[in-house]
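Results of the structural survey
Okay, here's what each chain looks like letter by letter:
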Amino acid sequence: QVQLVESGGGLVQAGGSLRLSCAASGRTFSNYAMGWFRQAPGKEREFVAAISRRGTTYYTDSVKGRFTISRDNAKNTVYLQMNSLKPEDTAVYYCAADPNRLRGISPNDREYDYWGQGTQVTVSS
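A brief look at the structure comes next. Being a predicted model, the structure only gives us computed values, none of them experimental.

The phi dihedral of N76 is positive, around 55°, even though this residue is not glycine. The topology assignment puts N76 in the loop between β7 (67-72) and β8 (77-82). Judged by its relative accessible area of 18%, N76 is buried. Within the chain, S84 stands out as a residue other than glycine whose phi angle is a positive 50°. Secondary-structure assignment places S84 in the loop between β8 and β9 (91-98). A relative accessible area of 41% means that S84 is categorised as partly exposed.

Moving on: the state of the cysteines. In the structure shown here, the tally under the stated rule is one disulfide. Shown here is the disulfide that connects C22 with C95, its sulfur atoms set 1.9 Å apart. One disulfide, between C22 and C95, carries an S-S torsion of 45° and so falls in the right-handed class. On the criterion of sequence distance, the pair formed by C22 in strand β3 (residues 18-24) and C95 in strand β9 is long-range, its members being 73 residues apart. Taken individually, C22 and C95 each receive the classification buried, so the pair is uniform in this respect.

Cut-off values and rules
Residues numbered from 1 in each chain as written. Predicted model: local features only at pLDDT ≥ 70, side-chain atom pairs only at ≥ 80, totals over all residues. Heavy atoms only, no water. Helix = DSSP H or I, 4+ residues; strand = E, 2+ residues; numbered from the N terminus. Buried < 20%, exposed > 50% of the residue type's maximum accessible area, 1.4 Å probe, protein only. Disulfide = S-S within 2.5 Å.

Written out as structure tokens, the structure is:
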């Protein structure tokens, strides 16, 4: 069983920055592909970014150049650095772990077995 705990959300003005963290339990964190997803009110959950076991990163088009995902296997933590935030980035952000993927990542949330509780990000205009 893997437990994920997100932190770092909050209220920020448009153009500002936030860094989300996701701390994972377990001794095999380095074997997981990790992803960040978000869900805005009235919308479906959507893929934001992911990082493979080897550290290859993937982003949805709307955040490319603004968000950076990274991982620190020694700390069992994955990060999402969010810069140049826009009001449309407002959502609950979730981290998720995919322990079954040997290579690459999946943008499909059904491929992820473990989820955090979510952290609210609100960007004011």
